[in-house]
Amino acid sequence: VDVGESSTAATPTSVLIRQYRELQAASQASSPPRRTKQCPSTSTPARVPETKLQLTLAKVAADEVTRIDWSHQHPNARQFLGLTREQRPHALALLGRGMSLRTVELTGLGLDDSCMTGICHLLASPQPLAELWLDHNAFREAGLLQLASALDGHSSMVELSVADQQPELTPR
């Protein structure tokens, strides 16, 4: 298990890859589960390439990961940053397929409002995500308003951080 992933159990890699492929096929056919708030839809999600990231997403779906750290200073950030702009929201949405994930750190990745759809799907999943770190990215007011809407009714969230967005938000 990577340093940036906290694991709860161990499943053979071949099983995880098979589960990921099944998950990938299912996610192409249907949208992620949602709470009462609707997330903006996107066109058909871009397929996440078969890489170490795929194994990480399979572990999340198999409830083996409690924490994901893809922040800029972490070595695992390269996995996520290697995705195209179209693949990133899909990968973020896939994090919502597991029920053990509690913490997601996505700081300093230059994420913008195009990734907010994936984050909204993550928040709309039935998992009890408790911490979400989105500091030092490029979300604008529209994206942060989407985030606020997606958080409505998310009772398990205890810590959310969106500090230091670039460009700066409009002063009031």
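Note that the coordinates shown come from a computational prediction; the quantities given were computed from them, not determined experimentally. (Residues numbered from 1 in each chain as written. Predicted model: local features only at pLDDT ≥ 70, side-chain atom pairs only at ≥ 80, totals over all residues. Heavy atoms only, no water.)

As for the overall build of the chain
Summing up its helical and strand segments, the chain has six helices and five strands in all. Taken from N to C terminus, the helices and strands of the chain fall in the order β-α-α-β-α-α-β-α-β-α-β. Working note: accessible area of the chain is about 8,100 Å², and carbon and sulfur atoms make up 53% of it. (Helix = DSSP H or I, 4+ residues; strand = E, 2+ residues; numbered from the N terminus. Areas by Shrake-Rupley, 256 points an atom, 1.4 Å probe, with all protein chains shown as cover.)

Describing the confidence of the model for the chain
Here the chain shows a mean pLDDT of 80. Residues at 70 or above account for 68%. Here strand β1 (residues 5-7) stands out as the element of the chain with the lowest mean pLDDT, 50, in contrast to strand β4 (residues 131-133), whose mean of 97 is the highest. Across residues 31-37, where pLDDT falls below 50, the model places 21 contacts with residues more than four positions away in sequence or in other chains. (pLDDT = per-residue confidence, 0-100. Contact = heavy atoms within 4.5 Å.)

Regarding the nonpolar core
Core analysis: the largest hydrophobic core is formed by 33 residues, its most contacted members being Trp 70, Leu 95, Ile 119, Leu 123, Leu 132 and Leu 147. Elements supplying a minimum of two residues to this core: α2 (52-61), β2 (65-69), α3 (77-81), α4 (87-94), α5 (116-124) and α6 (141-151). If one sorts the elements of this core by residue count, α5 sits on top with five residues. (Core = buried A, V, L, I, M, F, W, Y, C linked by side-chain atoms within 4.5 Å. Buried < 20%, exposed > 50% of the residue type's maximum accessible area, 1.4 Å probe, protein only.)

Examining the packing of α5 against α6
Contact geometry of α5 with α6 gives a least axis separation of 9 Å together with a crossing angle of 10 degrees. In this view, α5 runs roughly parallel relative to α6, as classed from their interaxial angle. In this structure, α5 contributes Met 116, Thr 117, Ile 119, Cys 120 and Leu 123 to the contact, and α6 contributes Gly 143, Leu 144, Gln 146, Leu 147, Ala 150 and Leu 151. Each residue belonging to the contact of α5 with α6 can be placed in one class, and the counts come to eight nonpolar, three polar and no charged. (Axes fitted to C-alpha atoms, helices over the stretch in contact; angles between N-to-C directions. Parallel < 35°, antiparallel > 145°, perpendicular 65-115°, else oblique. Nonpolar A, V, L, I, M, F, W, Y, C, P; charged D, E, K, R; others polar.)

Structural notes on the pattern of salt bridges
This structure, assessed with the given rule, holds three salt bridges. As a salt-bridge pair, Asp 69 and Arg 67 come within 3.3 Å of each other at their nearest N and O atoms. Note on Arg 67: relative accessible area 24%, which makes it partly exposed. A salt bridge links Arg 67 to Glu 105; the nearest nitrogen and oxygen atoms lie 3.1 Å apart. With Arg 67 in strand β2 and Glu 105 in strand β3 (residues 103-105), the pair connects residues that are 38 residues apart, well separated along the chain. In this structure Glu 105 comes out as buried when scored by relative accessible area, which is 17%. If you follow the salt bridges from partner to partner, you end up with Arg 67, Asp 69 and Glu 105 in one network. (Salt bridge = Lys/Arg side-chain N within 4 Å of Asp/Glu carboxyl O.)

Some points on α2
Burial analysis of α2 places eight of its ten residues in the buried class, which makes it a mostly covered element. Every buried residue belonging to α2 is among Leu 53, Gln 54, Leu 55, Thr 56, Leu 57, Ala 58, Lys 59 and Val 60, and all of these are buried.

With respect to the packing of α4 against α5
Where α4 contacts α5, the axes come no closer than 7 Å and their chain directions differ by 10 degrees. One finds that α4 runs roughly parallel with respect to α5. For the pair α4 and α5, the contacting residues are Pro 89, Leu 92 and Ala 93 in the first and Gly 118, Ile 119, His 121 and Leu 122 in the second. In terms of residue class, the contact of α4 with α5 is made up of five nonpolar, two polar and no charged.

Quick word on the environment of Lys 52
Following the sequence through the fold, Lys 52 ends up in helix α2. Considering only alpha carbons, one finds Lys 52 and Asn 76, 24 residues apart in sequence, at a separation of 9.2 Å.

What about the environment of Arg 85?
Mapped onto the elements of the fold, Arg 85 is located in the loop between α3 and α4. Here the alpha-carbon distance between Arg 85 and Asp 112, two residues 27 residues apart in the chain, equals 9.7 Å. Ignoring anything within four residues of it in the chain, the contact list for Arg 85 reads Asp 112 and Ser 114. Side-chain polar atoms of Arg 85 contact the side chain of Asp 112, separated by 2.7 Å. (Polar contact = N/O pair within 3.5 Å; in protein donor to acceptor, adjacent residues only side chain to side chain.)

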